[in-house]
Amino acid sequence: MSEVDLTDKDYTKAILIGIVVGVPLLAAVAFAAFEVAQPDASDGALAWLAVWTGLWAGVFVGGTIAVWNYLRRLEH
């Protein structure tokens with residue numbers, strides 16, 4: 001059995017935290033933006049669009065910011 005480096009665990013934890021925070025945050029931002037862009041659209045339709053956008057953007061943006069923050073902490 002191989003030993004896991006703690007740095008790898010911290011890196012994975014940073015990615016997961018970024019995703020868990022990024023998805024709902026960006027879904028909320030997307031919903032607000034869609035509401036401004038399409039005020040006559042139903043809330044259900046806007047919610048589905050916001051969830052879809054939050055899933056994609058939240059994983060990429062949240063994960064990227066979390067990894068950047070993790071690497072920044074390693075440098076100091």
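Residues numbered from 1 in each chain as written. Predicted model: local features only at pLDDT ≥ 70, side-chain atom pairs only at ≥ 80, totals over all residues. Heavy atoms only, no water.

### Overview of the overall build of the protein
For step 1, the next point in the chain: Helix and strand content of the protein: two helices and zero strands.
For step 2, the next point in the chain: Computed over the C-alpha atoms, the radius of gyration of the protein is 16 Å, more than 25% above the 11 Å expected from 2.2 N^0.38 for a compact globule of 76 residues.
For step 3, the next point in the chain: Summarising its shape, the C-alpha atoms of the protein cover approximately 55 × 30 × 10 Å along the three principal directions.
For step 4, the next point in the chain: For the protein, the residues scored as buried account for 20% of the 76 residues in total.
For step 5, the next point in the chain: In the protein, 67% of the contacts between residues at least 6 apart in sequence involve partners at least 24 apart.
For step 6, the next point in the chain: About 5,800 Å² of surface is accessible on the protein, with carbon and sulfur atoms providing 70% of the total. (Helix = DSSP H or I, 4+ residues; strand = E, 2+ residues; numbered from the N terminus. Rg over C-alpha atoms; globule rule 2.2 N^0.38 Å. Buried < 20%, exposed > 50% of the residue type's maximum accessible area, 1.4 Å probe, protein only. Contact = heavy atoms within 4.5 Å. Areas by Shrake-Rupley, 256 points an atom, 1.4 Å probe, with all protein chains shown as cover.)

### Some thoughts on the packing of aromatic side chains
For step 1, the next point in the chain: Tallied over the full model, the rule gives three aromatic pairs.
For step 2, the next point in the chain: Seen from their ring centres, W52 and W56 are 5.8 Å apart, and the 65° between their planes marks the pair as edge-to-face. Here W56 and W52 lie together in helix α2 (residues 43-75), a separation of four residues that amounts to about one turn.
For step 3, the next point in the chain: With relative accessibility at 47%, the residue W56 sits in the partly exposed group.
For step 4, the next point in the chain: Consider the rings of W56 and F60, whose centres lie 6.2 Å apart with planes at 20°: the pair is stacked. Pair noted here: W56 and F60 are both in helix α2, with a separation of four residues, about one helical turn.
For step 5, the next point in the chain: In this structure an aromatic cluster arises from ring pairing among W52, W56 and F60.
For step 6, the next point in the chain: Over the ring of W68 we find R72; its NZ or CZ atom is 5.0 Å from the centre of that ring. (Phe/Tyr/Trp six-rings, centres within 6.5 Å; stacked < 30°, edge-to-face > 60°. Lys NZ or Arg CZ within 6 Å of the ring centre and 35° of its normal.)

### What to know about a nonpolar patch on the surface
For step 1, the next point in the chain: There is a patch of nonpolar side chains on the surface, built from V51, W52, L55, W56, V59, F60, V61, I65 and W68 and spanning about 950 Å² of accessible area.
For step 2, the next point in the chain: Considering the arrangement of structural elements, one finds W68 in helix α2. (Patch = residues over 30% accessible without salt bridge, like charges linked within 9 Å, V, L, I, M, F, W, Y side chains within 5 Å. Salt bridge = Lys/Arg side-chain N within 4 Å of Asp/Glu carboxyl O.)

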